[in-house]
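Structural description and commentary
Here is how the chains run, residue by residue.
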Amino acid sequence: MSNSPVTGTTGSSEWEAVIGLEIHVQLNTRTKMFCGCRVTFGEPPNTHVCPVCLGHPGVLPVTNEKAVEYAARIALALDCRIADRTIFHRKNYFYPDLPKAYQISQYDLPLGIGGHLDVELEDGAVMRVGITRVHMEEDAGKLIHAGGASGRIDGADYSLVDFNRGGTPLVEIVSEPDITTPDQARAFLTQLRSLVEQLAVSDVNMEEGSLRCDANVSVRHPGEPFGTKTELKNMNSFRFLHRGLEAEIERQIASLEAGERIVQETVHFDPATGMVSSLRSKEEAHDYRYFPEPDLTPIELDEAYVERVRGDLPELPAARKERLADQYSLPPKDAALLAENKPLGDYFEAVAAATGDARVSANWVLGDFSAFLNTAGIEVGASPVGAAALAEMLGLVADGTLSGKMAKEVFEVMTTTGKSAMEIVAEKGMGQISDAGELDAIVARIVSANPGPAEEFRYGRDRVLGFFVGQVMKETRGQANPQMVNDLLRKHLGAHGE
Amino acid sequence: MGTRASRASSNPDVTGLTAHGCRDLLAGGEVSAVELTRAYLDRIGAVDGEVRSYLLVDEAGALAAAAAVDAKPRSQRLPWEGVPIGLKDIFCVKGMETTCASRILKGYIPPYDATVIAKLRAAGLVFLGKLNMDEFAMGSSTENSAFQITRNPWDLNRVPGGSSGGSAACVAATEAPWALGTDTGGSIRQPASLCGVVGLKPTYGAVSRYGLVAFASSLDQIGPITRDVKDAAALLDLIAGRDPRDSTSIGLPEPVGFPERSSLEGVRFGVIKEFVGDACEAGVRDVFDGAVDAIGALGGVCEEVSLPSVERGIAAYYLIAPSEASSNLARFDGVRYGHRHSHSEDLYEMYTRTRSEGFGSEVKRRIMIGTYALSAGYYDAYYAQAQRTRTLIIQDFARAFDHFDFLISPTSPTVAFKIGERTADPLAMYVSDLCTIPVNLAALPGISIPGGFSAGMPVGVQIIGPHFSERGMLGAAHALEKKLRVDVVPPLAEVAG
Amino acid sequence: MISRQEVEHVARLARLHFDEEELARLQQELGQIIDYVQQLAELDLSGLEPTSHAVPLKNVLRADEPVDGLSQADATGNGPDVERGQFVVPRIG
């Protein structure tokens, strides 16, 4: 389904969509791209601005080194080649949220080129989407349209501009037009988001605007040349991306089948109606008059720098998936789930290391633990049950203290009380056996059943005591009073021999 | 010296004072900072009605700053504290109106100081006010100011040159001991030449551009306009330096210091053939030849050198500068500061009416050329080709400096022309910058010093050095200046009572 | 040579408005200037790189350290039309 061409509305001819995505990632550096103002969110208007990001006469930009590093991280994570020499260009146009009336961006010498992202589709197939380029630029300010009914541009009497956001570092990622369905687009964006999140360079939150996605869409009959493309904007959630693409593809197909031509234009997706509409105004098509930014120097990142950034990259999902599958003998689907969600994967590895049993750990982490997170609506980091605690509980299962069924009960109590498994076992009258007589009988039986180890103990091997304790605990499902067990064992085993 | 029609006081006679002279007076306790500032203010009052070099005189601010200097014991003062200065109205001075001689910035009060202004403030200089200029530094006569025409103190019917015409006229008329100007295609050197004072354009990158309202980013530089070379060197040292706020600033490799030099023994000067050709007035040529002779008398050697590509300089400049300017001036859109057309129906109308009302015709013309040169389909043929021409010019100069220590030429092909003479034909105005433009394109330092007179009007001589050769170049300039100097009564020294 | 349409197009790009008389004069002036700078097109400069940066500097960067900016009052102080701390602009659409 996700790989087959989209069928036209009349069903009479086959159409295929050609989709390229343009993603903007807002970096979480402390300061803006070209000035020292703090990058903030939700602050009172025009309180994090300076003459530079306000575009006052006489000001000059100075590039943020952290932003360059973060952009390089993204480019390398997408397997791009880092340009030997990269420069900034001015992109000139008039708009109230653009204080200099040009955006400092990159044009023909971007930071990263020629990468790819391997996208795992629903049916398990992997699709390679090319990454044309990765480049750096600055964000515009925020416009609020006032006086009209909808808060949108149409019908507004006037607009208000807040420049707090203006100048925030952005990284633009452009994909090759390799995507052919809305499902693929969503999978691509989801996995790209996950990848960038793991680089710790951005919050990549679509609702907050730190991840934005526009699409270039055209349709054609399979095998024919590319059709005219439109630019689809304002899809600020994964769901809207999917719906917007569907709507635009449908619109184009209907249009072409009605004998009309597609006009190259910007279309706006309206989530309320599910419709796409043209954004054309009386302004001319943009002629950005790009030229190299004379106020900034070129950036030449040498091999040492690139290798250092590459070395600092966290293990990326694709590599992690392979390693998890390999190292822990996990089935691919499990490995994928654990690789895609870094905190969950980290959690699993900690549990597996403590228990020594990857299988069991994976089952629990992907099973009951994940179910709990889902129900509670929390992320791994917020879990009241840490990896060590879960591992301890699994240890009690492993040594027979807890049955599988009891373990589930204990786990649930752990999630609501935050207590450890041991504590719960002790409290819950899965209580200890402290009846001396009963314990004595058990200890005696175990000692006589293990003459070899008993002998070893008599010859001075203290550690063997632990074996016996374990056996008693096993017999009593962890409920024997440990101190009494100790005393009883020494009594039955006798003194250390010489 | 002539009589002064001012109130009787202990205020010194400032006509003919250099900045070093002011400094010595203050250091010797012969005059207070307030008295010195007061003397300049009186001088402005006496002559600026005719010269019109000042757009804004900050009497209260200047006297307050001077008083603050006087409050400090002399032993605790920095060397230049209390010396007044005039500032081209293109620098952002915090709290002081900055207009760039344009209606679109009338009323604009910068919320910050340009780096050079901050440096001068920290050094304790007294800001007398803001000086007239061609609007946004576009012009060669200061006739493009939206507010007033500045007149050449040597002949009030003639232009002072531009775009730093106000600065040059101010110093020539001794309305300040020195001034700051800017030079993009000759805008310090040409007016200095036309007004008979010294004007220095440093190597691109020597002085921070932060706070200089940008005209052409890859060409603009800030520099001193002074009464002599020694002052130019001192002011350069006060303003030069790498600035973290300006990514294109480098500073000077070492302070220039006091460029004392008497002999030019063994120094090789190349006379730029293309600048002494037909375009050059005979009278200007004569003065220049006198300078060449003077160099010879000092032991220097002059030889002609051809830099063929410099003839393309004007064309390259009039593509590159307007292109960068069209982008730099786009921020003047009425949204955040400056003039805004009221009662606009919509944004597009607000933008176009604001900018059309706010900009003068030369500025609009250049924005149009620049926008055209950068627009789709034309970029490679115009802008990119001009930048390649620039590379050619840079190479020509580099080759010349393999054989010569410095290059020389007249600063301007003509003396000051009459007001209104060239305003009808933009191209005719552009040709005034023939000798100066290529120096900006190559990012080289250049200085104009007074060479003599032709038909009663000053003629300047230009010396050009390799990148960051300010120390040596100013030394050579000083030697030549000493040799050429004719004791002349400064213009307007006699003021009608 | 520059056509009237081109002059109008460029004026729109630059957000400048000219009346009939100005347009005619501009067309002529720009035409002259363009004819003059056209001389550069004759030159064979194919072997040369355009000088896009005046100084041979590279990698001028700054540390990601916050610096205090302007107060809201100073930031909006020069604004021709300000409402609730924001700059007002007329209807965009």
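So, how was this worked out
- Throughout, residues of each chain are indexed from 1 in the direction in which the sequence is written.
- Going through the entries in the order they are written, you letter the chains from A and number the ligands from 1.
- At least 70 in pLDDT is required for a residue's local features to be given in this predicted model, at least 80 for side-chain atom pairs to be given and counted, and no such filter applies to totals for whole chains, interfaces and linings, which use all residues.
- Where helices and strands are cited, they refer to DSSP runs of H or I of at least four residues and of E of at least two residues respectively, numbered from the N terminus.
- Each radius of gyration is computed over the set of C-alpha atoms, and the globule rule expresses the reference value as 2.2 Å times the number of residues to the power 0.38.
- Two residues form a contact once the distance between their C-beta atoms, set from the backbone, is within 7 Å.
- Residues are grouped as follows: Ala, Val, Leu, Ile, Met, Phe, Trp, Tyr, Cys and Pro are nonpolar; Asp, Glu, Lys and Arg are charged; every other residue, Gly included, is polar.
- By our criterion, buried Ala, Val, Leu, Ile, Met, Phe, Trp, Tyr and Cys residues that link up through C-beta atoms within 7 Å make up a nonpolar core.
- Counting other C-beta atoms within 10 Å of its own, a residue is labelled buried from 20 upward, exposed at 12 or fewer, and partly exposed in the gap between, with every C-beta atom placed from the backbone.
- Multiply 1.5 Å by the residue count of a helix minus one, and that product is the helix's expected span.
- This arc is built from the directions going out from the helix axis to the C-beta atoms.
- Strands are treated as partners if at least two bridges between them are detected by DSSP.
- In this entry, domain limits derive from an automatic or database-based domain assignment.
- Note on definitions: angles span 0 to 180 degrees between N-to-C directions of axes, and those axes are lines fitted to C-alpha atoms, for helices only across the stretch in contact.
- In these notes the angle categories are as follows: under 35 degrees is roughly parallel, over 145 is roughly antiparallel, 65 to 115 is roughly perpendicular, and the rest is oblique.
- Put simply, a crossing is left-handed when the front helix is turned counterclockwise from the back one by less than a right angle, and right-handed when it is turned clockwise.

For the rest of this paragraph, the subject is the overall build of chain C. Looking only at helices and strands, one finds four helices and three strands in chain C. From first element to last, N terminus to C terminus, chain C shows the α and β order α-α-α-β-α-β-β. Radius of gyration (C-alpha) of chain C: 22 Å, far over the 12 Å computed for a compact globule of 93 residues.

For chain A, the helix and strand inventory stands at 15 helices and 15 strands. Relative to a compact globule of 498 residues, whose C-alpha radius of gyration would be 23 Å, chain A shows 31 Å and is clearly more extended. For chain A, the proportion of contacts with a sequence separation of at least 24, taken over those separated by at least 6, is 69%.

At the interface, 41 residues of chain C touch 53 residues of chain B. Those elements that place two or more of their residues in the side of chain C that touches chain B are α1 (4-13), α2 (20-37), α3 (39-42) and β3 (86-90) of chain C. Here the side of chain C that touches chain B gets seven residues from one element, more than from any other, and that element is α2(C). Residue composition of the side of chain C that touches chain B, grouped by class: 26 nonpolar, eight polar and seven charged.

This part covers the nonpolar core. Grouped together as the largest cluster of nonpolar side chains are 271 residues, with contacts concentrated most on A:A71, A:I74 and B:I85. Once you skip the residues sitting within four places of it in the chain, A:I74 turns out to touch A:V25, A:V134, A:V171, A:I173, A:V196, A:L199 and A:V201. Among the nonpolar cores identified, the runner-up in size contains 29 residues, and A:L324, A:A335, A:F411 and A:V425 belong to it.

Turning our attention to helix α8 (residues 282-297) of chain B. Residues and elements named next belong to chain B. For α8, spanning 16 residues, the distance from its first C-alpha to its last is 23 Å, which sits close to the expected 22 Å at 1.5 Å a residue. Of all the positions in α8, only V284, V287, F288, A291, A294 and I295 are classed as buried. When α8 is viewed along its axis, its buried side chains cluster within an angular range of 105 degrees and face the same direction. Residues of α8 that are exposed and angled more than 90 degrees away from the buried face: A282 and A297. Contacts from the buried residues of α8 go to β7 (268-272), β8 (301-305), β9 (406-410), β10 (446-454), β11 (457-464) and α15 (470-484). At the exit of α8 stands G299, carrying a positive phi of roughly 100 degrees.

All names here are of chain B. Burial of strand β5 (residues 198-201) is two-sided: the residues V198 and L200 facing one way and the residues G199 and K201 facing the other way are all buried. The pairing of β5 with strand β6 (residues 221-226) spans two bridges and is classified as antiparallel. By the bridge assignment, V198 is partnered in β6 with T226. As defined by bridge partners, β5 adjoins β10 across three bridges and the pair is classed as antiparallel. Counterpart to L200 in the pairing with β10 is I447.

Here we come to the domain arrangement of chain A. All names here are of chain A. Per the domain assignment, the segments of chain A are domain 1 (16-307), domain 2 (315-427) and domain 3 (436-493). Centre-to-centre separation of domain 1 and domain 2, based on C-alpha positions: 38 Å. Secondary structure elements with two or more residues in the side of domain 1 that touches domain 2: β6 (112-120) and α2 (182-198). Of all the elements, α2 adds the most residues to the side of domain 1 that touches domain 2, at three residues. In terms of residue class, the side of domain 1 that touches domain 2 is built from two nonpolar, two polar and two charged.

To continue, consider the interface of chain C and chain A. Quite often, the size of an interface is put as the accessible area lost when its parts meet. Across the boundary between the two partners, chain C contributes 31 residues, which contact 40 residues of chain A. Of the residues in the side of chain C that touches chain A, the class split is 14 nonpolar, nine polar and eight charged.

Below, the discussion takes up the sheet that holds strand β14 (residues 275-278) of chain A. All names here are of chain A. Spatial ordering of the open sheet is given by β3-β6-β7-β10-β1-β11-β12-β13-β14, a layout of nine strands whose pairing is mixed. Each of the sheet's edge strands pairs with one partner strand only, and the pair in question is β3 (81-82) and β14. As paired strands, strand β7 (residues 126-138) and strand β10 (residues 169-175) are joined by seven bridges and run antiparallel to one another. Along β10, the bridge assignment pairs V134 with I173.

Bringing the packing of helix α2 (residues 33-51) of chain B against helix α3 (residues 59-70) of chain B into the picture now. Residues and elements named next belong to chain B. Interaxial distance between α2 and α3 falls to 7 Å at its minimum, and their mutual angle equals 155 degrees. Considered as vectors, α2 and α3 are oriented roughly antiparallel to each other. Viewed along their axes, α2 and α3 form a crossing whose handedness is right-handed. Contact with α2, carried on its side by A33, V34, T37 and L41, involves E59, A62, L63, A66, A67, V69 and D70 of α3 and no other residues of that element. A per-class count over the contact of α2 with α3 returns eight nonpolar, one polar and two charged.

When glycine is set aside, most residues are seen to have a negative phi, and most peptide bonds are trans. Residue and element names in this part refer to chain B. The omega angle of the peptide bond from G162 to S163 is 10 degrees, so this bond is cis rather than trans. Of note, F136 is a non-glycine position whose phi angle comes to about 50 degrees, a positive value. Under the C-beta neighbour-count criterion, F136 is labelled buried, with 31 such atoms within 10 Å. Even without a glycine there, the phi angle at F468 is positive, about 60 degrees. Turning to its location among the elements, F468 is positioned in the loop between β11 and α15. Under the C-beta neighbour-count criterion, F468 is labelled partly exposed, with 19 such atoms within 10 Å.

It is worth spelling out the sheet that holds strand β1 (residues 54-57) of chain B at this point. Residues and elements named next belong to chain B. Reading across from one edge, β1-β3-β2-β4-β6-β5-β10-β11-β9-β7-β8 is the order of the eleven strands in this open sheet, with mixed pairing throughout. This sheet does not close on itself; its edge strands, each paired only once, are β1 and β8. On average, each strand axis in the sheet is inclined to that of its neighbour by 30 degrees, with strand direction left out of account. Most of the contacts of α15 go to β10, to which it runs at about 10 degrees, and overall it touches β9, β10 and β11.

Okay, the environment of A:R239 next. Mapped onto the secondary structure, A:R239 falls in helix α3 (residues 238-257). Each C-alpha atom, one on A:R239 and one on A:L402, is 44 Å from the other, the two residues being 163 residues apart in sequence.

Another point: the environment of A:R133. Residue and element names in this part refer to chain A. Mapping R133 onto the fold places it in strand β7. R133 sits in the buried class, given 21 other C-beta atoms within 10 Å. Setting aside anything within four residues of it in sequence, one finds R133 in contact with P110, G112, I113 and V174.

Residues and elements named next belong to chain A. As for its position among the elements, R212 is in strand β11 (residues 211-220). On the basis of neighbour counts, which here come to 18 C-beta atoms within 10 Å, the residue R212 falls in the partly exposed class. Residues R212 and R239, 27 residues apart in the sequence, show an inter-C-alpha distance of 13 Å. Those residues in contact with R212 that sit more than four places away from it in its chain are I23 and H24.

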